[in-house]
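Notes for the structure review
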Amino acid sequence: MTTQKIAIAASITGIFISTVHAATSITFEEVNLGTQGYINNIPYSTDGATLSNNYHPASTPGEPWESWSGFAISNKTNTATPGFGNQYSSYTGGGAGSSANFAVGYWDAAFNPTGTRINFVTSTNLLGMGADFTNTTYTALDMMNGTSGVSKKFGGVTGNDPDYLRLTLTGYLNNLVTGNADIYLADFRFANNTQDYILDTWKYVDFSNLGTVDEIRFTMTSTDNGMFGINTPTYFAIDNLVPEPSSLALCAVAGGFLLRRRRVGKTA
């Protein structure tokens with residue numbers, strides 16, 4: 001092999017190693033959740049990323065109740081029980097790819113609208129990266145049935161109301177917006193009502209449009225709103241953060257091997 005070819009191979013190898021490092025998947029599987037099955041009172045940091053958490057115990061002055069926003073880590077699997085008491089379960093009954101752990105995001109639009117976020121230690125190019133998303137049981141059953149005096153059944157009495165719940169990811173770099181990505185956790189806007197859905201599988205969202213970021217902020221939009229904002233519970237579940245993209249295939253270098261990397265645990 002010529003000196004020039006060796007130099008080129010070494011250069012490509014360096015790019016590959018950098019890509020592998022940047023594409024490390026955050027799966028939450030290493031978190032010990034004990035008998036409670038969730039942790040909701042501390043930020044979660046790993047591999048250069050921090051998922052925010054804003055926790056207020058019941059003893060907080062002026063706020064005599066426990067509250068939180070941001071992200072919790074959970075392995076709760078109850079897909080049948082409605083209501084706030086079941087706020088930590090995924091509607092799929094587990095993590096993406098049949099894993100145990102996942103994160104639950106809660107967006108508090110009234111008291112902490114920018115508090116549900118992921119921060120990166122250094123600016124990170126999200127081209128070809130992403131994560132899996134689905135509903136929590138609390139949110140899914142609320143949209144399916146409504147809660148008397150609080151929120152509506154999506155689709156309304158006739159099923160024709162064009163309701164939706166949308167989760168928006170906004171990238172930031174030095175507090176400037178870099179791009180957006182959306183996922184509909186429910187969508188009843190179809191002319192054919194048989195196409196209406198409440199998301200009950202893990203769905204991969206590509207982060208490429210966010211560009212290079214040091215922060216991702218999460219917000220939600222619903223067609224069910226009242227005088228205090230969104231009536232729909234503003235929760236979502238996320239897993240396999242910044243996983244290896246399914247399309248990533250790199251030609252082998254130096255030794256001539258073909259290296260292929262695939263995204264695992266993804267469902268449409």
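This one's a predicted model, so the numbers in the text were calculated from it and none came from an experiment. Throughout this document, residue positions are counted from 1 along each chain, in the order its sequence is written. For a predicted model such as this one, the threshold for reporting local features is a pLDDT of at least 70, and the threshold for listing and counting side-chain atom pairs is 80 or more; totals across whole chains, interfaces and linings nevertheless cover every residue. As a rule here, side-chain values come from all non-hydrogen atoms in the structure, and water together with hydrogens is ignored.

**Section: the side chain of Asn-135**
Only DSSP runs of H or I reaching four residues or more are called helices, and only runs of E reaching two or more are called strands; each is numbered from the N terminus. Looking at where Asn-135 falls in the secondary structure, it is placed in the loop between β8 (130–134) and α2 (137–145). Only protein chains enter the accessibility calculation, which uses a 1.4 Å probe; a residue whose area is less than 20% of its type maximum is buried, one above 50% is exposed, and one in between is partly exposed. Among the residues examined, Asn-135 registers a relative accessible area of 0% and is labelled buried. Here the side chain of Asn-135 touches Leu-199 through a polar contact of 2.9 Å, landing on its backbone oxygen. In contact with Asn-135, not counting residues within four places along its chain, are Ser-90, Tyr-91, Ala-140, Met-143, Leu-185, Ile-198, Leu-199 and Ala-237. Under the rule applied, a polar contact is a pair of N or O atoms within 3.5 Å (in protein, one hydrogen donor and one hydrogen acceptor; residues adjacent in sequence only if both atoms are side-chain atoms). Pairs of residues are marked as contacts when any of their non-hydrogen atoms sit within 4.5 Å.

**Here's the deal with the sheet that holds strand β9 (residues 164–173)**
Pairing between two strands requires that DSSP report at least two bridges joining them. The sheet built from seven strands is open, its strands ordered β2-β3-β7-β13-β9-β10-β11 with antiparallel pairing. Each edge of the sheet is formed by a strand with only one pairing partner; in this case those strands are β2 (44–46) and β11 (197–198). Bridge count for strand β10 (residues 176–187) against β11 is two bridges, and the pairing is antiparallel. When the sheet's bridge partners are listed, Asp-187 is paired in β11 with Tyr-197.

**Observations regarding the packing of aromatic side chains**
We call Phe, Tyr and Trp rings a pair once their centres come within 6.5 Å, taking the six-membered ring for Trp, and we label the pair stacked below 30 degrees between planes, edge-to-face above 60, and tilted otherwise. The final tally for this structure, using the stated rule, is 17 aromatic pairs. Pairing Trp-68 with Tyr-106 gives two aromatic rings, centres 5.7 Å apart and planes at 55°, and the pair type is tilted. Placement of the pair is Trp-68 in strand β5 (residues 67–74) and Tyr-106 in strand β6 (residues 102–106), with a sequence separation of 38 residues. Aromatic side chains Phe-218 and Phe-236 sit 5.4 Å apart centroid to centroid with 25° between the ring planes, which places their arrangement in the stacked category. Of the two residues, Phe-218 is situated in strand β13 (residues 212–222) and Phe-236 in strand β16 (residues 235–239); the sequence distance between them amounts to 18 residues. A relative accessible area of 0% means that Phe-218 is categorised as buried.

**Overview of the pairing of β6**
Counted residue by residue, β6 has five buried out of five residues, so it is predominantly covered. Across the two faces of β6 the burial is the same, with Phe-102, Val-104 and Tyr-106 and Ala-103 and Gly-105 all buried. Both β5 and β6 contribute to a ladder of five bridges, which runs antiparallel. Opposite Ile-73, over in β6, you have Ala-103 as the bridge partner.

**Here we look at α2**
In terms of residue burial, α2 counts as a mostly covered element, since seven of its nine residues are buried. Among all positions of α2, only Thr-137, Tyr-138, Thr-139, Ala-140, Leu-141, Asp-142 and Met-143 are buried. In this fold, the buried residues of α2 make contact with β9, β10, β11 and β16. Positioned one or two residues after α2, Gly-146 has a phi angle of 75°, which is positive.

**Considerations on the side chain of Ser-208**
Here Ser-208 shows up in the loop between β12 (203–206) and β13. Polar side-chain contacts of Ser-208 include one of 2.7 Å to the side chain of Asp-206. When neighbours within four sequence positions are excluded, Ser-208 is seen to be in contact with Leu-126, Leu-127, Gly-128 and Met-129.

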